[in-house]
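# What the coordinates show
This is what each chain is made of:
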Amino acid sequence: MTNGKEIKFSDDSLALVQRMMKRYPEGKQKSALIPVLHIAQAEFDGWLSGPVMEYVASVLNILPVEVFETASFYSMFNLKPVGKCVIEVCRTSSCWLVGAEDVISHLEKKLNIKVGQTTSDGMFTLKSVECLGSCGTAPMMQVGADYYENLTLDKVDTLVEKFRSEGKRKSYTDKAEPRKL
Amino acid sequence: MGKKLLLKNDHISGIQSYEVYRQNGGYASVEKALKTMTPEAVVEEVKKSGLRGRGGAGFPCGMKWSFLAKPEGVARYLVCNADESEPGTFKDRYLMERIPHLLIEGMITASYALGCSNSYIYIRGEYFYVSRILENAIAEAYANGWLGKNIQGTNYSLDLHVQVGAGAYICGEETALLESLEGKRGNPRIKPPFPAIAGLYGCPTVVNNVETIAAVVPIVNEGGDEYAKIGIGKSTGTKLISASGHINKPGVYEIEMGLPVEEFIYSEEYCGGIKGGRKLKAVVAGGSSVPILPANLILKTAAGEPRLMSYESLADGGFATGTMLGSGGFIVMDESTSIVKNLWNFSRFYHHESCGQCSPCREGTGWMEKVLHKILDGHGTIEDIDLLWDIQSKIEGKTICPLGDAAAWPVASAIRHFRSEFEEYVKQPKSIQDVKHYYRLQEAKF
Ligand SMILES: Cc1cc2nc3c(=O)[nH]c(=O)nc-3n(C[C@H](O)[C@H](O)[C@H](O)COP(=O)(O)O)c2cc1C
Ligand code: FES
């Protein structure tokens, strides 16, 4: 149970998961594990609890420990509760060269939390992550499906206010905002 | 202006869509291959082209394809490596986001050449929105008869799937990628057996980078010989370079191999010079893993020849005075950059990303990060610089996969070329306050 809800995929998600499992040869349905964990994380409050992982194991017909083994390896899977908006700021060299540290400390001050923490209202979690492949438009951060590039502190402020007023949970699996190319 | 093969149409509005892509000559390579060539003939063209893998190692693509085992009745797989997580590299995202059909077209033509009936594009999880763009393009390709059963009325059938990862640099290493695609942790496999013999699900498999697969399209269209005329020596064709750091015009540039590095950095057509008119200090030319070079050695080889953007010229002088083209992640640093601090940033990255299987890498990357932090924090000694050198030398070549080498080379090259800067930190400890702040950023895993 998370938040009192029964742990069960919505009909749409379950149909998607079943389609996914067909992408692989007979008996290799474990291949769907990572994509399915993304769906689970989005559907069950942004993190993978023990019961959620057990549920995923039952859907894919594998052992719960296999799910945990995989989930605990990858940085995008949260094994603890997180805020509705997980702000992930890139901290690697190209971003660092042009001000990633300033963005991170600005966010720490603005949200009044440290990297790795969640605001008391449960709205924001701040993370610093490794290179997201956006080094030419640095500094940058990711929130849910969206990349926010060429950041300035003003831009960060505007974005945080926007997220706050929307109050929505952001997931990697969301439809991304349209991008100017 | 240099010749463009991959990005020649990227400015056309709507090129993301099937219709516009097709109107501009899209899917011609599939038509040509499936209707007029045998799979072996396609492999032959790729061999003639001299195309080398664009993922970092530069292994000849045609040769890799010809190693693929073909036991009777066993499935073969083509897996596209769209993990793109080498710091400083963002060309694959650029290509997939802007011209998704070019990758799909390349995948179909390459799958035909290799005799695959199921192929996968493994894309890093952070690129979720790009995976959607690819899925869209794939749906359009199915709808127009380029995927599925009996493609364009021929006997050839192919299904193509996109698989997302979930954040792990190591999954760019091809055997870790295959593990991840099988739903497991991204622990690299011991080689041999190579994927060409036992890859995905134990079947013969080719793993190729996005850009490598995309290059198959112009090679089949224009012929391997034509492709080989572009570039210089054994560095044939064009290369996508991801340029970042202290330059006026960061971005992705398609260059003809052989372009002088100096022109790439300073000409308006490419990086447009160093930001704020400052002086160039150093360049990491091929993604974070390759040796860093100081300005004099990146612009000219030790012999005084102009350094060129090619596999051979960048490697000229070996690791003593040269570097590698790698993935083409070109990170430029101006005179204000602290090489030691940047190195610490890289070392933290490798420590964070080590999969933990091999002790030299798991422990050594952490030690290097700690020693560098100690030096930056003003508590270093001269012996610490030697210790760093010692640690890196004991990681290189002693691990299952090359992540260990990738972690060692930046350390070795920074000490080799910038030792005096390390000594300065040790002799006149400038306590760098914000490093303390930054060090903390290695938050616990969620
Ligand atoms: C630690 C590590 C990370 C790698 N990351 C990538 C990557 O993100 N993308 C990529 O194409 N190749 C990457 N490679 C290289 C792959 O192992 C493999 O050589 C490549 O995908 C082969 O494709 P190519 O021959 O077309 O270059 C990486 C290698 C190592 C050791
Ligand atoms: S270094 Fe930040 S996106 Fe690459």
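## What about the overall build of chain A?
- Looking only at helices and strands, chain A features seven helices and four strands.
- Traced from its N-terminal end to its C-terminal end, chain A shows the element sequence α-α-α-α-β-α-α-β-β-β-α.
- Compactness check: chain A gives a C-alpha radius of gyration of 18 Å against a globular reference of 16 Å for 181 residues, within 12% of the reference.
- Summarising its shape, the C-alpha atoms of chain A cover approximately 50 × 35 × 30 Å along the three principal directions.
- Buried positions account for 57% of the 181 residues belonging to chain A.
- A fraction of 66% describes how many contacts in chain A between residues 6 or more apart in sequence connect residues 24 or more apart.
- When the accessible area of chain A is evaluated, it comes to approximately 7700 Å², of which 51% is carbon and sulfur surface.
- Charge separation in chain A, taken as the distance between the mean sites of 23 positive and 23 negative side-chain charges, equals 2 Å.

## Remarks on the pattern of salt bridges
Residues and elements named next belong to chain A.
- Counting across every chain of the model gives 39 salt bridges over all chains.
- Here K30 and E66 are joined by a salt bridge, their closest N and O atoms 2.9 Å apart. Of this pair, K30 sits in the loop between α1 (11-21) and α2 (33-43) while E66 is found in helix α4 (residues 64-71), placing the two residues 36 residues apart along the sequence.

## So, the environment of A214 of chain B
Residues and elements named next belong to chain B.
- Mapped onto the elements of the fold, A214 is located in helix α9 (residues 210-222).
- In this structure the C-alpha to C-alpha distance between A214 and T381, which are 167 residues apart in sequence, comes to 49 Å.
- Sequence-distant contacts of A214, that is, excluding residues within four places in its chain, are made with L6, L95 and L102.

## Quick look at the nonpolar core
- Membership of the largest hydrophobic core comes to 162 residues, with the highest contact counts inside it found for V56 of chain A together with W65 and I104 of chain B.
- It is helix α18 (residues 403-427) of chain B that contributes the most residues to this core, ten residues altogether.
- In contact with I104 of chain B, other than residues within four places in its own chain, are Y27, I121, L134, A137, I138, A141, L147 and L160 of chain B.
- By size, the runner-up hydrophobic cluster in this structure holds 27 residues, among which are I241, I255, Y270 and L314 of chain B.

## Description of the packing of helix α15 (residues 339-353) of chain B against helix α16 (residues 359-376) of chain B
All names here are of chain B.
- At their nearest, the axes of α15 and α16 sit 8 Å apart, and the two run at 155° to each other. For the element pair α15 / α16, the angle class is roughly antiparallel. Viewed along their axes, α15 and α16 form a crossing whose handedness is left-handed. Judged by residue contacts, V340, K341, L343, W344, S347, R348, Y350 and H351 of α15 engage R362, T365, G366, M368, E369, L372, H373, I375 and L376 from α16.

## A look at the domain arrangement of chain B
Residues and elements named next belong to chain B.
- Taken domain by domain, chain B comprises domain 1 (18-229), domain 2 (233-334) and domain 3 (339-426).
- Each partner contributes residues to the interface: domain 1 has twelve residues there, and domain 3 has ten residues.
- Here domain 1 is connected to domain 3 by zero salt bridges.
- Counting every contact that joins domain 1 to domain 3 gives two residue pairs in polar contact (both at pLDDT 80 or more).
- Looking at the side of domain 1 that touches domain 3 residue by residue, the class counts come to six nonpolar, three polar and three charged.

## A word on the layout of surface pockets
Residue and element names in this part refer to chain B.
- In this model, the largest pocket occupies a volume close to 1200 Å³.
- If you trace the largest pocket, you find 44 residues lining it, with G55, G56, A57, G172 and E173 closest to the centre.
- Secondary-structure elements contributing two or more residues to the lining of the largest pocket are α5 (91-98), β4 (205-209) and α18.
- The dominant element in the lining of the largest pocket, judged by the number of residues it contributes, is β4, at five residues.
- Considering only residue class, the lining of the largest pocket consists of 18 nonpolar, 16 polar and ten charged.

## What to know about the packing of aromatic side chains
Residue and element names in this part refer to chain B.
- On inspection of all chains with the given rule, the structure shows 24 aromatic pairs over all chains.
- Geometrically, the ring pair formed by Y27 and W146 is stacked, given 4.9 Å between the ring centres and 20° between the ring planes. Placement of Y27 in the loop between α1 (18-23) and α2 (28-36) and of W146 in the loop between α7 (128-143) and β3 (159-164) is noted, with a sequence separation of 119 residues between them.
- Accessibility expressed as a relative area gives 0% for Y27, which makes it buried.
- Judged by relative accessible area, W146 falls into the buried class, the value being 1%.
- Stacked on the ring of Y127, the Lys or Arg R124 has its end atom at 5.4 Å from the ring centre.

About the criteria used
- Residues numbered from 1 in each chain as written.
- Chains lettered and ligands numbered in written order.
- Predicted model: local features only at pLDDT ≥ 70, side-chain atom pairs only at ≥ 80, totals over all residues.
- Heavy atoms only, no water.
- Helix = DSSP H or I, 4+ residues; strand = E, 2+ residues; numbered from the N terminus.
- Rg over C-alpha atoms; globule rule 2.2 N^0.38 Å.
- Buried < 20%, exposed > 50% of the residue type's maximum accessible area, 1.4 Å probe, protein only.
- Contact = heavy atoms within 4.5 Å.
- Areas by Shrake-Rupley, 256 points an atom, 1.4 Å probe, with all protein chains shown as cover.
- Lys, Arg positive; Asp, Glu negative; His and termini not counted.
- Charge placed at Lys NZ, Arg CZ, Asp CG, Glu CD.
- Salt bridge = Lys/Arg side-chain N within 4 Å of Asp/Glu carboxyl O.
- Core = buried A, V, L, I, M, F, W, Y, C linked by side-chain atoms within 4.5 Å.
- Axes fitted to C-alpha atoms, helices over the stretch in contact; angles between N-to-C directions.
- Parallel < 35°, antiparallel > 145°, perpendicular 65-115°, else oblique.
- Left-handed = near helix turned anticlockwise from the far one by under 90°.
- Domains from an automatic or database assignment.
- Polar contact = N/O pair within 3.5 Å; in protein donor to acceptor, adjacent residues only side chain to side chain.
- Nonpolar A, V, L, I, M, F, W, Y, C, P; charged D, E, K, R; others polar.
- 1 Å grid on protein atoms, 1.4 Å probe; cavity = no way out; pocket = protein on both sides within 12 Å on 5 of 7 lines; lining within 4 Å.
- Points joined across faces, edges and corners; volume = space filled by probe spheres on them.
- Phe/Tyr/Trp six-rings, centres within 6.5 Å; stacked < 30°, edge-to-face > 60°.
- Lys NZ or Arg CZ within 6 Å of the ring centre and 35° of its normal.

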